[in-house]
Structures are given as structure tokens and as C-alpha cells.
Amino acid sequence: MFSTQSEIAEQVVRSLLGALPDMKRGLATRLAPTRNLAAFDAYLRGLHALQGSAGKPDSEGAIGYFNQALVADSGFARAQVGLCRSQLSRFRILRDAEAFNLANEACLKVRAMDPALGEVNLALGDLQRVQGNGKQAIALYRKAEEDPSLRPEASLGMGLAYAELGDRERAVEYLERAIALRPGNASAYSELGYLLYLNDDVPGAIAAYERATLLRPSSAGLWSTLGALYFYMEDLPAADRALDRSMKIEPTDGALNNLGTLRFHQGDHAGAAEMFLRATRLSAGDFLIWGNLGDALRADPATVGESRAAYLKAATMAQPYLELKPSDARATASLAWYSANLGEEARARELLARAEALGTERAEVALLNAQTLTQLG
């Protein structure tokens, strides 16, 4: 079957050469992206890993498969795109500066391999977006959407980019367009839900995440976020049910982090610390979880002396992340809080003011800044 597909691709290329004489190489690449069966098999496994069996991307697994594909066929541009997007996924999940540098390297390499490939513009758009360069990202997504098969992903990317730029109205418009183009896309509903949450429309966010869990009921991450939103609305029984379901699917770092937050606000600081510590074992590079662990240790008189080490780890990880993405207001306010607990008053005040000036995620920034100012007296 694989051989037949390549033969058909060759015939199509030959039949079009009279009308499109300068496009032989590009057509051949798009119609038969690889002729190596092992490379194609590894590529498909990489795509599956990137989707995630429990709704959370297995970025590490995907990176391994895409590298296997490129070892088998070094010119397989779509596998290189997959490598770029996997590293970006890792950066988003772990907030790891090294992952961003690897993603940047992979994306630049694929642009040299086949700059006309639509997936290249999609990947480069993602790269610009996660770095906080919304306008450059939108320009790349517009190029990507010239390929009809990529319009749902391009619309989703543009929605997220407009959200980064603070244009919430257009962000919602593009996310709703992505849903209309692909109604079964749970990711689009989850991104819409998060945007509605940032717009202080928590009931709307809950409705969007409930729809996402209907579309992808096996996603531990979606149930975990839904549980956090129920908790935000003080519906503790619903929060417990959603978080319990998430944990039964897979004990992810996100679910453990949300359960820790629930325990913390119930006054069970030792139980919260245990959850956060378990989460760090699954996601050792996420500074927000280390910061939450510091909070739980600080709140318990028996462990207050251990909190400094957790805050120091969180601060050390947050700094390189913010050098890559200085537009992240919540992360900036979080680093101000860690700095205040480490006795670095001048730095805490400077970061606090910077987070406020960014003007995004205003409720979370206000809460973190209030904590920081209280700590500073």
C-alpha cells in the first residue's frame, strides 16, 4: 500500500509538470513526504504520543518517535515539524527554557527543509506565540490557513495569539471559528474555557470545559482543570468528583497540583504539601508547583523551615522562563512572591510593579501581589 501511494504521487507530479513546471520538488515532497516505511511509522506514533492517551501530550515520547523518523529519513520535513511542536508542547507544560531553545532549533531547521509546507508556518506561528510575539504569530497562521486542512489549527492559534495581545473579543471569535471548523476538537473548547476564565466568565469557562470532557472523557488534564474551576466557584463536592475522576484516569502533575490547592484551602497544609511533592516528582521543572509546595510548607509550623528551599528552586526556574517570555504576568507576580519569601525586597517590589503594568491575568496578579505586599509588611 505504501509503495502504491508513492507511485500514485509520482504520476500526479508528472501530470502536473506541464502546468506547474517549477514545482516538481515541492509537489513530490507534499504528495510523498517520505518513502521510508519505518520513518512514516515512527511519525504516526509521534503524532499519537503528541495527542496523549489521557488527553495530556506525551511530549517526551513524541520527541523520541520523531527523532526515530528523522534518523530513518533525514529529509522528512513533517517529522521535523512534529519535533518542533513536541518541544514547544514540552515548553508549555514544563515552562522549561531548554525546551524552548530545542524547539527554536527544530523549527529553524524545518524552515530550511521545506519553507512552502503549510505545517511549517503553523509550527513557526506556535513558536512566536509561546514567546509572546503575537503579531508575528498571526502573520504566520494566516499563511498556514491557506491550506484548507490546516484552517482549524490556524484559527485556534490565531485565537490564542489574539489573547496574548489582549484582544479578547477577537480571540473568542477565532476560537469559536476553530470549533465551527472542527466541532469535535476538545482542545479548542478547553482553550476557549481558559480564555473565558481570564475574562472572569467562570460559568462560561465551566460550560466549555464540560463540553471538552464530553468530547474527550479520558483526558485527566481536562477533568483536573474542570475540578479547579468548580473549586473556584466554591462547589467543593463537584470539585472533588472531577479531581477524583482525573486521578483515576492518571495521577498527573496537574491533578495533584489542583488537589494540593484544594487541600491547602481546606486547611490541610500537610496533605497539600504531600500532593505538591508528588506533583514535583512527575514535573520537576514546573516552578509554579515548587512555589505551591513552598506555600504549603510555610503554612505548617512543623515545616516552615523547609519552605525556603522550595521557594529558591521555584525562583531559580522562573527566571530563565521569564527571560524567554517576559509578557507572562502571572509568572512575574509569582517570582515577586518567591523573592519576598527569600528576603529579596527590592527585587520583589520591582517584579510586582512589572506584573501589574502588564495588565493581563489581573485577578491572579492582584492576589499574588497582595500576598507579596503583606509579606513585605
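Residues numbered from 1 in each chain as written. Predicted model: local features only at pLDDT ≥ 70, side-chain atom pairs only at ≥ 80, totals over all residues. Heavy atoms only, no water.

Chemist: Which parts of the structure should I look at to understand unusual backbone geometry?
Modeler: Glycine aside, negative phi is the norm for most residues, and most peptide bonds take the trans geometry. If you check the backbone angles, Asp-200 has positive phi at about 65 degrees while not being a glycine. Structurally, Asp-200 can be placed in the loop between helix 11 (186-198) and helix 12 (202-215). Of the residues examined, Asp-200 reaches a relative accessible area of 57% and is grouped as exposed. Although it is not a glycine, Glu-234 sits at a positive phi angle of roughly 65 degrees. (Helix = DSSP H or I, 4+ residues; strand = E, 2+ residues; numbered from the N terminus. Buried < 20%, exposed > 50% of the residue type's maximum accessible area, 1.4 Å probe, protein only.)

Chemist: I keep staring at the state of the cysteines and nothing clicks. Help me out?
Modeler: Applying the stated criterion across every chain yields a total of 1 disulfide. One disulfide in the model links Cys-84 with Cys-107; its S-S distance is 1.6 Å. Of this pair, Cys-84 sits in helix 5 (residues 77-94) while Cys-107 sits in helix 6 (residues 97-113), and the two are 23 residues apart along the sequence. Pair check on accessibility: Cys-84 and Cys-107 agree, each one buried. (Disulfide = S-S within 2.5 Å.)

Chemist: Is there a simple way to think about the packing of helix 13 (residues 220-232) against helix 15 (residues 253-265) in this case?
Modeler: When two helices pack together, their arrangement is given by the angle between the helix axes and by the axis-to-axis distance. Across the interface, helix 13 lies against helix 15 with an axial gap of 9 Å and an inter-helix angle of 20 degrees. Judged by the angle between their axes, helix 13 and helix 15 are roughly parallel. The way helix 13 lies across helix 15 gives a crossing that is left-handed. Between helix 13 and helix 15, the contacting residues are Ser-224, Thr-225, Ala-228 and Phe-231 on the first element and Gly-254, Ala-255, Asn-258, Thr-261, Leu-262 and His-265 on the second. Broken down by class, the residue content of the contact of helix 13 with helix 15 amounts to 4 nonpolar, 6 polar and no charged. (Axes fitted to C-alpha atoms, helices over the stretch in contact; angles between N-to-C directions. Parallel < 35°, antiparallel > 145°, perpendicular 65-115°, else oblique. Left-handed = near helix turned anticlockwise from the far one by under 90°. Contact = heavy atoms within 4.5 Å. Nonpolar A, V, L, I, M, F, W, Y, C, P; charged D, E, K, R; others polar.)

Chemist: Even after reading the chapter, I still don't get the packing of aromatic side chains, so can you show me in this structure?
Modeler: Two descriptors summarise a pair of aromatic rings, namely the distance from one centre to the other and the angle between the planes of the rings. Tallying each qualifying case throughout the model produces 11 aromatic pairs. With a centroid separation of 6.0 Å and 55 degrees between ring planes, the pair formed by Tyr-43 and Phe-66 is classed as tilted. Here the residue Tyr-43 occupies a position in helix 3 (residues 37-51), and Phe-66 occupies one in helix 4 (residues 59-72), the gap between them amounting to 23 residues. The pair formed by Tyr-43 and Phe-66 is uniform in burial state, with each residue classed as buried. Consider the rings of Tyr-311 and Trp-337, whose centres lie 6.3 Å apart with planes at 85 degrees: the pair is edge-to-face. Residue Tyr-311 is found in helix 18 (residues 307-324), and its partner Trp-337 is found in helix 19 (residues 329-341); the two are separated by 26 residues along the sequence. Side by side, Tyr-311 and Trp-337 carry an identical accessibility label, which is buried. Feature note: the residues Phe-40, Tyr-43, Phe-66 and Phe-76 constitute an aromatic cluster, connected by ring pairs. (Phe/Tyr/Trp six-rings, centres within 6.5 Å; stacked < 30°, edge-to-face > 60°.)

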